[in-house]
Amino acid sequence: MLQSDNALECVEITLAADISKRSTEFLAAICYHHYHGKVEDKAFEILEHRGITFEADERDFVNTLLMTLLKKQRSVCTIKGAVNALAGMKNDQLFEILANLLPQDLNVFFPMNIPNALAKLGDPRAIPLLISVIEEPVQSKNNDNDSSDDFLTLGIGRSSALVVKCCLALSPFIDDQKVKNCLINALNQEETHEACLAVLAVCMNEQKYLDELEKILADGNTFDYRIADYLQKNVGQRPEIEKLLMFNEDIQTKRVNNKNVNDN
């Protein structure tokens, strides 16, 4: 079974060590048949690594396989894995694909993480796209429609989630004045306040943003999981970030302990 620990070991060791085209094709097949979890994630990771480090012909082969996966995908997870790998490879055709996918990244439980891919790709053409989502969030669908499809797509809460991801995705473009202005203006909106603080705290050498993040925790709140994840990925940028994450974890631990005491 490709879901087993043995399968993961096979991908991590055997297939990773085998740099033949046949091995690369097998990795792509694992991604296409959508084996959730660590096996699929590792297969995409290895494909991305090959697409970056192999010689030109082999890189082109990996690129073709990943683009084919995008065209013939059978799941959102395949899209997410393929665009993330292609972004790491700096694929020159990817931006247009991501631009088209961004408004469709609306699934509640299975996001494609298109803002993340735009950030990873680093193409400055992403700036107006991301800003437009932040400044003019997607409107929710008619709340009277209770179809199963609408249950999986964007409502007001999910719109906020996409906006938050777009705020975080502006991080690589912080040197652009339009990006700075957008983030500073979005501090005034409740749904984007914490995400913008996090980006500004990581990217700008201004203590006030770190102080504002600390105040959130001092008031007894914890960071949104997306904000905590972003800070964790950028923990090396400023020494204060690690302290904030430890503070956040302490609050979460105390909450769990208090809940357990109350339950008993």
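Details of the structure are given in the entry above.
A brief structural summary. (Residues numbered from 1 in each chain as written. Predicted model: local features only at pLDDT ≥ 70, side-chain atom pairs only at ≥ 80, totals over all residues. Heavy atoms only, no water.)

**Re the packing of helix H8 (residues 126-135) against helix H11 (residues 177-186)**
Think of two packed helices as two axes; the pair is described by the angle between the axes and how far apart they sit. Note the following rule: Convention adopted: a line fitted to C-alpha atoms gives each axis, helices being fitted over their contacting stretch, and angles between N-to-C directions are expressed from 0 to 180 degrees. Think of it this way: any DSSP run of H or I at least four residues long counts as a helix, any run of E at least two long counts as a strand, and we number them from the N terminus. Just so you know how the angles are binned, under 35 degrees is roughly parallel, over 145 roughly antiparallel, 65 to 115 roughly perpendicular, and the rest oblique. Here a crossing is taken to be left-handed if its near helix is turned anticlockwise relative to the far helix by less than a right angle, and right-handed if that turn runs clockwise. Here a residue-residue contact requires only that any non-hydrogen atoms of the pair lie within 4.5 Å. Throughout, the ten residues Ala, Val, Leu, Ile, Met, Phe, Trp, Tyr, Cys and Pro are labelled nonpolar, Asp, Glu, Lys and Arg are labelled charged, and all others, Gly among them, are labelled polar.
The interhelical angle for the contact between H8 and H11, taken along N-to-C directions, is 15°, at an axis separation of 11 Å. By the angle between their axes, H8 is roughly parallel relative to H11. The hand of the H8/H11 crossing is left-handed. Across the interface between the two elements, Ile127, Ile131, Ile134 and Glu135 of H8 pack against Lys178, Val179, Cys182 and Ala186 of H11. Split by residue class, the contact of H8 with H11 holds 6 nonpolar, no polar and 2 charged.

**Looking at unusual backbone geometry**
One non-glycine residue, Lys90, adopts positive backbone phi at about 55°. Checked against the element boundaries, Lys90 lands in the loop between helix H5 (76-88) and helix H6 (94-101). We note that Asn113 has phi near 60°; this positive angle belongs to a residue other than glycine. The residue Asn113 is located in the loop between H6 and helix H7 (114-121) in this model.

**Quick look at a negative patch on the surface**
So the rule is basically this: Residues enter a patch when their relative accessible area is above 30% and they make no salt bridge; the linking distance is 9 Å between like charges and 5 Å between nonpolar side chains (Val, Leu, Ile, Met, Phe, Trp, Tyr). All accessible-area figures derive from a Shrake-Rupley calculation using a 1.4 Å probe, and residue coverage is judged against the displayed protein chains alone. Salt bridge, as used here: a side-chain nitrogen of Lys or Arg that lies within 4 Å of a carboxyl oxygen of Asp or Glu. A positive count includes Lys and Arg, and a negative count includes Asp and Glu. His and the chain ends are not counted in either. Each charge is placed at NZ for Lys, CZ for Arg, CG for Asp and CD for Glu.
Together, Glu55, Asp57, Glu58 and Asp60 line one region of the surface with negative charge. Within the secondary structure layout, Glu55 lies in the loop between helix H3 (38-53) and helix H4 (56-72).

**So, the nonpolar core**
What tends to happen in soluble globular proteins is that the nonpolar side chains get buried as a cluster. How we decide: Residues grouped as a nonpolar core are buried Ala, Val, Leu, Ile, Met, Phe, Trp, Tyr and Cys residues, joined through side-chain atoms within 4.5 Å. Type-normalised accessible area, obtained with a 1.4 Å probe on protein chains alone, sets the label of each residue: buried when under 20%, exposed when over 50%, and partly exposed for intermediate values.
In terms of nonpolar packing, the biggest core is built from 81 residues, with Leu66, Val83, Leu183, Phe223 and Leu231 touching the most fellow members. Considering every element that reaches this core, the biggest residue donor is helix H12 (residues 190-203), with 8 residues. Ignoring any residue separated from it by four or fewer positions in sequence, one finds Leu183 in contact with Cys167, Leu170, Ile174, Cys196, Val199 and Leu200.

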